[in-house]
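Observations on the three-dimensional arrangement
These are the residues of each chain, in order.
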Amino acid sequence: MNEYASETATDSTDSTDPNDEPPASHFLDVDNLSDDELAEVFSTAGELKVAHRAGKPHAVLPNRTLAMLFEKPSTRTRVSFETGMTQLGGHAVYLGPDTTHLDHGEPVADTARALSRYVDAVMARVFDHDALESMAAHASVPVVNGLSDDAHPCQTLADLFTIYEQFGGFEDVEVAWVGDGNNVAQSFAVGAAMAGLDLTMATPEGYEPDDDVLARADERGCAPEVVHDPEAAVEGADVVYTDVWVSMGEEEEREAKLGDFEGFQVNDDLLAGAPEATVMHCLPAHRGEEITADVLESDRTVVWEQAENRMHTQKALLAHLLGAE
Ligand code: CP
Ligand code: NVA
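Topic: the side chain of Asn145
- Relative to the helices and strands, Asn145 is located in strand 4 (residues 143–145).
- Within the local environment of Asn145, its side chain forms a polar contact with the backbone oxygen of Leu28, the two atoms lying 3.0 Å apart.
- Polar contacts involving the side chain of Asn145 include one to the main-chain amide nitrogen of Leu147, which spans 2.7 Å.

Here's the deal with the pattern of salt bridges
- This model, assessed by the stated rule, comprises 13 salt bridges.
- Residue Asp35 pairs with Arg220 through a salt bridge whose shortest N-O separation is 2.8 Å. Of the two residues, Asp35 sits in helix 2 (residues 35–53) while Arg220 sits in the loop between helix 8 (211–219) and strand 7 (225–227), which places them 185 residues apart along the sequence.
- With a relative accessible area of 40%, Asp35 lands in the partly exposed category.
- A salt bridge links Asp180 to Lys257; the shortest N-O distance between them is 2.6 Å.

Side note on the nonpolar core
- Membership of the largest hydrophobic core comes to 50 residues, with the highest contact counts inside it found for Leu66, Leu157, Phe188 and Leu197.
- Counting residues per element, this core draws most heavily on helix 7 (residues 183–195), which supplies eight residues.
- Among all residues touching Leu197, those that are not within four sequence positions of it are Leu160, Ile163, Phe170, Val173, Val175, Phe188 and Ala192.

Here is what the cut-offs are and how they apply
Residues numbered from 1 in each chain as written. Chains lettered and ligands numbered in written order. Predicted model: local features only at pLDDT ≥ 70, side-chain atom pairs only at ≥ 80, totals over all residues. Heavy atoms only, no water. Helix = DSSP H or I, 4+ residues; strand = E, 2+ residues; numbered from the N terminus. Polar contact = N/O pair within 3.5 Å; in protein donor to acceptor, adjacent residues only side chain to side chain. Salt bridge = Lys/Arg side-chain N within 4 Å of Asp/Glu carboxyl O. Buried < 20%, exposed > 50% of the residue type's maximum accessible area, 1.4 Å probe, protein only. Core = buried A, V, L, I, M, F, W, Y, C linked by side-chain atoms within 4.5 Å. Contact = heavy atoms within 4.5 Å.

Structure (structure tokens):
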């Protein structure tokens, strides 16, 4: 070690030792935010959306870097985070499947500690939610869940923001979830409780959200009613929301799931019970499975608004987690 390096590392009053930093705030699921923080994120997202659409610069995170770690494919999550960081004046580094040592045996804990020495935040899309927990436990920078098998909280931010835009608030908005009770549904259930939405979820038997998710929703407002009859759930709803039946990583269960989800397709017959309902989908959609092409392409869907709002809400989340002015 030369003199210069040892002097800067130990004597400078301007430098901080990452080991002495206070613990970072993570976003592994939507209830990591308080109700006030959620409201603040939506308020910032609204301002950022207006600025973006007006072509007004809003570089509130200059020189900050986000690492984006993906174990699974993505269109929206990757591009919305990457362009979002550019618009905020920062930079994003894409780390796809088989591009890091994670796929060759380096533990998540070591990856998290190394990345923390370079970047200001890590966003990760993983198979196993425990990998995110481990990353958060070892990272000294915020870790953001870009989808795990248990949760997809960034999607929930965009979903709630889209509902707010469509209905001018959350009060008295009745939402019917139709389909699988897994990651997207689980985060949405908790977020809906925090926002005060009236949520009913129709899933086939055995595909309900986990009990601990329902308990967390209850803790933050109200657990959704879970039923097994899609028609009953949709009756009179203001919003009908669905997701794919076969999620990433479930390809081997495809045949079984297609059978189990029969009758849960969002189509014109089902929507006859909610003629005014707005239709939501996190995308990608599988036309002819969970939703018909007719419904997806109709003017009752807000799926492109949802997709756009991923970017605005995530920018607001990053601004919150990284303490932008
Ligand atoms: N909804 C969503 O997360 O889309 P991607 O898989 O394309 O990121
Ligand atoms: N439930 C889906 C969501 C995709 C955004 C999946 O996990 O593949």
